[in-house]
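Results of the structural survey
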Amino acid sequence: MKRELGIARCGLACCLCSENVACAGCDSGECPDKDWCENRKCSISKKIGHCYECDEKCTKGLLSKIKPYAFTEFVRRYGEDRLLDCLERNEKNGIVYHREGINGDYDDFDNVEALIEYIKTGHR
């Protein structure tokens, strides 16, 4: 886990991403998706660092997917440090962020509350 990369603006876990090993996170200016990322553009226009800082609970861009939406909700409730602590513990216990392509153990959910509980406990 590259904890220093933290959580992306949209809620994805840059700290666990294995998709682009050279990426330094969405605020580095090196993110390969920076030009099309709706969440990045929106949060920059609102002068906030992350979607979880916004008062709106929208499903724009990547927030239409359960993983970043649940991670964003988790941070709203418990804070980014707690999310990072849980993700780090879960990774050490064998929970995989990217198992096949960009899908992993956090993607096989259809209920936000169930995913938040999984993040917190590491158990289904």
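Attention in this report is confined to the structure presented alongside it.

What counts and how
Residues numbered from 1 in each chain as written. Predicted model: local features only at pLDDT ≥ 70, side-chain atom pairs only at ≥ 80, totals over all residues. Heavy atoms only, no water. Helix = DSSP H or I, 4+ residues; strand = E, 2+ residues; numbered from the N terminus. Buried < 20%, exposed > 50% of the residue type's maximum accessible area, 1.4 Å probe, protein only. Polar contact = N/O pair within 3.5 Å; in protein donor to acceptor, adjacent residues only side chain to side chain. Phe/Tyr/Trp six-rings, centres within 6.5 Å; stacked < 30°, edge-to-face > 60°. Salt bridge = Lys/Arg side-chain N within 4 Å of Asp/Glu carboxyl O.

1. Focus on the environment of Glu113
Positionally, Glu113 belongs in helix H4 (residues 112-121). Look at Glu113 and you get partly exposed, because its relative accessible area is 43%. Taking the C-alpha atoms as reference, Glu113 lies 7.7 Å from Ala70; in sequence the two are 43 residues apart. A polar atom in the side chain of Glu113 sits 2.7 Å from the side chain of Arg77.

2. Here's the deal with the packing of aromatic side chains
Evaluated as defined, the whole model comprises 6 aromatic pairs. Their ring planes at 55 degrees and their centres at 4.8 Å tell us that Phe74 and Tyr78 sit as a pair that is tilted. Here Phe74 and its partner Tyr78 are both found in helix H2 (residues 66-78), 4 residues apart, which amounts to about one turn of the helix. Residue classification places Tyr78 among the partly exposed positions, given a relative accessible area of 32%.

3. Section: the pattern of salt bridges
Applying the stated criterion to the full structure yields 9 salt bridges. Between Lys57 and Glu73 there is a salt bridge; the shortest N-O distance is 3.3 Å. Here Lys57 is found in the loop between helix H1 (38-45) and H2, whereas its partner Glu73 is found in helix H2, with 16 residues between them in sequence. The exposure class of Lys57 is exposed, given its relative accessible area of 56%. Residue Glu73 is classed as buried on the basis of its relative accessible area of 4%. Linking Asp105 and Arg99 is a salt bridge whose minimum nitrogen-to-oxygen distance equals 2.8 Å.

On their own, these measurements won't tell you what the molecule is for.
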